[in-house]
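# Close look at the chain arrangement
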Amino acid sequence: MISVKEARAIIKEQVSAGNFLQEDRRILDALGYYLATAPLATTDVPGFDQSAMDGYAIRMAERGVALKVTQENYAGVLSPGELSPGEAVRIFTGAPIPYGADTVVVQEKVVRVEDYIRAEDPGLTRGRNIRVKGESIKKGQLLLAKGTRLTAAKIGLLASAGVDLVRVYKKPRVSLIVTGSELQIPGRPLVGSQLYDANSYQLMAALKTDGVDFVFLKRVKDDREAILEALKQALIDADLIILTGGVSVGEYDYVVQVLEQLGVERCFYKICQKPGKPLLFGKTASKFLFGLPGNPAAAFGCYQLYVRQAIRGLCGASDIFEQPPLAHLQEAFEKPAGNTYFLKGYFNNDWVEILKEQQSYKLSSLARANCLIELPSEASVIKKGELVGIHFLSQEYV
Ligand SMILES: Nc1nc2c(c(=O)[nH]1)N[C@H]1C(S)=C(S)[C@@H](COP(=O)(O)OP(=O)(O)OC[C@H]3O[C@@H](n4cnc5c(N)ncnc54)[C@H](O)[C@@H]3O)O[C@H]1N2
Ligand code: MOO
């Protein structure tokens with residue numbers, strides 16, 4: 001059995017050595033992807049000197065003088081035109097500054113009588129309300145660093161600088177194999193000692209939340225041949241295989257044996273942690289595999305703590321298994337030293353509460369949780385108010 005720290009180090013090392021395939025994507029199809037090369041601005045932003053306000057373009061030296069409005073510049077106008085002495089140009093936000101003008105006075109600070117205006121803004125200074133060409137971004141400038149994950153705001157930045165294609169790391173295709181002869185699909189009646197399959201649903205949903213687009217799902221009975229066939233197929237279909245159930249020591253727990261038969265190298269099996277002790281991590285030449293324990297809260301916890309980080313790594317993230325944020329523990333907790341505990345928790349305002357019902361078959365507490373609290377292996381008494389690491393669960397925000 002290995003420690004949590006060792007398990008993290010092994011996954012990080014293996015995943016970082018993975019063969020990262022790249023592809024070009026349109027920026028709108030690249031949300032959540034990691035950049036494989038740094039995109040450069042195709043243009044200056046702004047591309048020309050332009051007005052930041054609705055008002056009048058003037059010469060600063062002619063402030064306070066009656067000026068004839070000779071022209072109107074709106075955003076998108078083809079030519080900026082020219083401003084001669086004694087003139088003003090009616091201008092709108094985003095419109096080009098006419099040659100000869102050096103200042104824009106906002107319309108609220110202008111007195112207009114027919115075709116004449118007078119700028120009455122004592123605070124006006126030269127260059128006011130003008131966005132200068134290239135002030136925000138210079139043509140050829142590096143917009144985002146390699147390894148950056150594309151978010152909505154970053155996609156907006158790329159678009160503003162004229163970038164339409166980006167080179168990103170391909171996301172892994174995932175196969176999810178859910179084992180268990182006792183499993184029934186929600187919506188169908190339970191027979192005998194059947195129970196509803198929660199794992200495939202929670203993991204599919206988590207993968208979706210985490211931006212994994214290609215997931216093949218297969219449910220199989222605790223049958224050696226069926227597991228073998230499902231795994232053979234998964235090794236063809238996917239880059240990452242996630243199995244749930246059948247990783248323990250029971251008579252019907254075939255996963256470990258079948259993996260050996262298929263030549264999957266076992267990187268580790270069993271971690272000094274609770275829950276999720278029987279977690280398995282393996283690899284072939286180009287694929288990775290996790291065997292998650294069947295108990296649903298343990299399976300979900302192992303997904304959040306390990307699989308999700310591996311997926312991030314395979315997507316090109318370099319910051320996997322970073323130190324988790326800290327929170328104050330709301331009440332004291334005692335545990336035996338030697339195992340890392342991951343407790344279902346609720347974080348709020350710098351404090352974290354340990355939820356009732358920590359057993360790994362109980363999902364109502366997991367559904368209330370927004371994080372897992374990490375209590376280190378060596379600790380046996382953790383006092384109220386002590387700082388502990390918290391791992392936020394995959395969540396979508398609206
Ligand atoms: N003698 C020992 N027994 C067990 C040990 C051990 O060390 N020695 N470890 C226990 C721990 S901890 C866990 S976790 C489980 C892991 O067992 P498996 O991964 O082999 O999982 P199963 O036996 O298939 O199932 C465990 C439990 O979870 C339920 N389950 C399974 N799949 C689903 C699903 N998709 N949706 C909902 N519930 C599911 C299953 O019915 C069982 O109740 O082993 C302990 N035993
Ligand atoms: O540790 Mo098991 O993974 O408790 O349910």
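Note that the coordinates shown come from a computational prediction; the quantities given were computed from them, not determined experimentally.

How each quantity is defined
- Residues numbered from 1 in each chain as written.
- Chains lettered and ligands numbered in written order.
- Predicted model: local features only at pLDDT ≥ 70, side-chain atom pairs only at ≥ 80, totals over all residues.
- Heavy atoms only, no water.
- Helix = DSSP H or I, 4+ residues; strand = E, 2+ residues; numbered from the N terminus.
- Rg over C-alpha atoms; globule rule 2.2 N^0.38 Å.
- Buried < 20%, exposed > 50% of the residue type's maximum accessible area, 1.4 Å probe, protein only.
- Contact = heavy atoms within 4.5 Å.
- Lys, Arg positive; Asp, Glu negative; His and termini not counted.
- Charge placed at Lys NZ, Arg CZ, Asp CG, Glu CD.
- Polar contact = N/O pair within 3.5 Å; in protein donor to acceptor, adjacent residues only side chain to side chain.
- Salt bridge = Lys/Arg side-chain N within 4 Å of Asp/Glu carboxyl O.
- Near = heavy atom within 4 Å.
- Areas by Shrake-Rupley, 256 points an atom, 1.4 Å probe, with all protein chains shown as cover.
- Nonpolar A, V, L, I, M, F, W, Y, C, P; charged D, E, K, R; others polar.
- UniProt positions renumbered as here; feature names shortened; annotations may be inferred.

So, on to the overall build of the protein. What the protein contains, in helices and strands, is seven helices and 26 strands. In terms of C-alpha radius of gyration, the protein reaches 30 Å, well past the compact-globule figure of 21 Å for 398 residues. Overall, the protein is about 95 × 50 × 45 Å in size when its C-alpha atoms are taken along their principal axes. Going through the 398 residues of the protein one by one, you find that 47% of them count as buried. Across the protein, every contact between residues at least 6 apart in sequence was considered, and the portion connecting residues at least 24 apart equals 68%. Positive and negative side-chain charges of the protein, numbering 47 and 45 respectively, have mean locations separated by a distance of 2 Å.

Turning to its location among the elements, Ser360 is positioned in the loop between β23 (351-354) and α7 (364-368). For Ser360, the side chain forms a polar contact with the side chain of Asn295, separated by 3.5 Å. Excluding residues that lie within four positions of it along the chain, Ser360 makes contacts with Pro275, Asn295, Pro296, Ala297 and Ala298.

Once that is clear, we can look at the pattern of salt bridges. Scanning the model with the defined rule gives 15 salt bridges in all. Here Asp164 ties to Arg26 by a salt bridge, and the two come within 3.1 Å at their closest N and O atoms. Of the two residues, Asp164 sits in the loop between α2 (152-160) and β10 (165-169) while Arg26 sits in strand β1 (residues 22-26), which places them 138 residues apart along the sequence. What makes Asp164 partly exposed here is its relative accessible area of 43%. The salt bridge partner of Arg219 is Asp197, with a shortest N-O separation of 2.7 Å. On the criterion of sequence distance, the pair formed by Arg219 in strand β14 (residues 215-220) and Asp197 in the loop between β13 (195-196) and α3 (199-209) is long-range, its members being 22 residues apart. Using a relative accessible area of 34% as the deciding quantity, one classes Arg219 as partly exposed.

With that settled, the discussion passes to the site of ligand 1. Near ligand 1, the surroundings consist of 19 residues, among which Glu182, Asp197, Ala198, Lys277 and Gly294 are the closest. A distance of 2.9 Å separates an oxygen atom of ligand 1 from a polar backbone atom of Gly294. About the coverage of ligand 1: the protein hides 69% of its 860 Å² of free accessible area.

What follows concerns the side chain of Lys171. As for its placement among the helices and strands, Lys171 is situated in the loop between β10 and β11 (174-179). Buried within the structure, Lys171 lacks any salt-bridge partner; Asp213 is the closest side chain of opposite charge, at an N-O distance of 4.1 Å. A polar side-chain atom of Lys171 sits 2.5 Å from the main-chain carbonyl oxygen of Gly211. Beyond its immediate chain neighbours, meaning those up to four positions away, Lys171 contacts Leu31, Gly32, Tyr33, Gly211, Asp213, Asp239 and Cys315.

For the rest of this paragraph, the subject is the site of ligand 2. Close to ligand 2 lie Pro275, Gly276, Lys277, Pro278, Pro293, Asn295, Ala298 and Ser360. Between Gly276 and ligand 2, the recorded distance is 2.6 Å, taken from a backbone N or O atom to an oxygen atom. Here an oxygen atom of ligand 2 sits 3.0 Å away from a polar atom, N or O, in the side chain of Asn295. Tallied by class, residues from the shell around ligand 2 come to four nonpolar, three polar and one charged.

Put simply, Val45 and Pro46 share a cis peptide bond, and its omega is -10°. With an omega of -5°, the peptide bond running from Lys274 to Pro275 counts as cis. Of note in the backbone geometry, Glu114 takes a positive phi value of approximately 50° without being a glycine. One can find Glu114 in the loop between β7 (110-113) and β8 (116-119). Even without glycine at this site, Asp350 takes up a positive phi of about 75°. On the secondary structure map, Asp350 appears in the loop between β22 (340-348) and β23.

This part is about the UniProt feature "domain: MoaB/Mog" (unreviewed entry) in the protein. UniProt's entry tags residues 175-313 with the feature "domain: MoaB/Mog" (unreviewed entry), counted in the numbering of this structure. Secondary structure content for residues 175-313 is 36% helix and 26% strand, and the end C-alpha separation is 17 Å.

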